[in-house]
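Geometric and topological summary
Residue-level listing of the chains:
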Amino acid sequence: MNKKFTLLIIGLVAVILLIAGSFYLDKRNSTKDWKIHEDKEYELEFKYPQNWKLVNSQDNNAVRILNIISPEFDRSAEGKVITFRIFKNRIHKSLEDLKEAIIRDGKMGNIENSNIKIIGNDRISYDFKYKDKYGHGFNVLADTFEIELGVISTSKELETETRKLFNYLISTFRFKE
């Protein structure tokens, strides 16, 4: 009985490791051909799909904004958009302060925010709905600046794809060393 139990536990651990490994490899393989956006000034980078294109960039004293659009959005204004913003002067003192601002600003703009999660000591993620648009946001509080990275879709039908894209996107975000 004891030997069977030990073999069962070893088998279960092996299965769990195989499943976890396949998820890890799936994420790595899914993003391996993606383009890399690198910001040398703020020493960070993230990947985005190869066939998407960078449009509407803006850079001033307060904020740097990039929009990266999917091919279907480029053709018809329907689809998905990645937004990336760097607020050059950190506004929020803490993640709790940022969380309250997301809720407050959402109410002022008729944006339904949900599933707000604080991740570690410098990140927060959330889901949102604004009119007919659905999306996910990811914010990072750095020492002197703030980052916002999000994915927006123009229809509820794209929600599953948008969530998957968002998860891949934030899994590739990193500060360079």
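Refer to the structure printed above.
In this text, all values refer to a predicted model and were calculated from it rather than measured experimentally.

Notes on the sheet that holds strand 6 (residues 112–119)
A sheet is described by the order of its strands in space; here seven strands give the open sequence 3-4-5-9-8-7-6, paired in antiparallel fashion. On the outer flanks of this sheet lie strand 3 (53–59) and strand 6, each paired with one strand and no other. Neighbouring strand axes in the sheet, compared pairwise and without regard to direction, differ in orientation by 15° on average. Inspection of the sheet shows strand 8 (residues 133–141) paired to strand 9 (residues 146–153) by eight bridges, in the antiparallel sense. Bridging across to strand 9, His136 finds its partner in Val151. Of the strands in this sheet, strand 6, strand 7 (123–130), strand 8 and strand 9 are in contact with helix 3 (residues 95–108), which crosses strand 6 at around 175°.

Points about the nonpolar core
One broad rule of soluble globular proteins: the nonpolar side chains tend to lie buried together. Counting 23 residues, the largest nonpolar core has Leu44, Phe46, Ile82, Phe84, Ile147, Leu149 and Phe173 as its most contacted members. Elements with a contribution of two residues or more to this core: strand 2 (44–48), strand 4 (63–69), strand 5 (80–87), strand 8, strand 9 and helix 4 (159–172). The biggest single contributor to this core is helix 4, with four residues. Aside from chain neighbours lying at most four places away, what touches Phe46 is Lys35, Ile36, His37, Ile68, Phe84, Leu149, Leu169, Thr172 and Phe173.

Remarks on the pattern of salt bridges
All chains considered together, the criterion is met by 15 salt bridges. Between Lys133 and Asp132 there is a salt bridge; the shortest N-O distance is 3.3 Å. Counted as one network, the salt bridges with shared partners bring together Glu38, Lys40, Glu45, Arg174 and Lys176.

Observations concerning the environment of Ile170
On the secondary structure map, Ile170 appears in helix 4. For Ile170, a relative accessible area of 21% corresponds to the partly exposed category. Taking the C-alpha atoms as reference points, Ile170 and Gly137, separated by 33 residues in sequence, lie 9.5 Å from one another.

Looking at unusual backbone geometry
Of note in the backbone geometry, Asn110 takes a positive phi value of approximately 55° without being a glycine. Tracing the sequence through the fold places Asn110 in the loop between helix 3 and strand 6. For Asn115, which is not a glycine, the phi torsion comes out positive at approximately 55°. Residue placement: Asn115 occurs in strand 6. A residue is classified by how much of its surface remains accessible, and Asn115, at 38% relative accessible area, is partly exposed.

Calculation criteria
- Residues numbered from 1 in each chain as written.
- Predicted model: local features only at pLDDT ≥ 70, side-chain atom pairs only at ≥ 80, totals over all residues.
- Heavy atoms only, no water.
- Pairing = 2+ DSSP bridges.
- Helix = DSSP H or I, 4+ residues; strand = E, 2+ residues; numbered from the N terminus.
- Axes fitted to C-alpha atoms, helices over the stretch in contact; angles between N-to-C directions.
- Contact = heavy atoms within 4.5 Å.
- Core = buried A, V, L, I, M, F, W, Y, C linked by side-chain atoms within 4.5 Å.
- Buried < 20%, exposed > 50% of the residue type's maximum accessible area, 1.4 Å probe, protein only.
- Salt bridge = Lys/Arg side-chain N within 4 Å of Asp/Glu carboxyl O.

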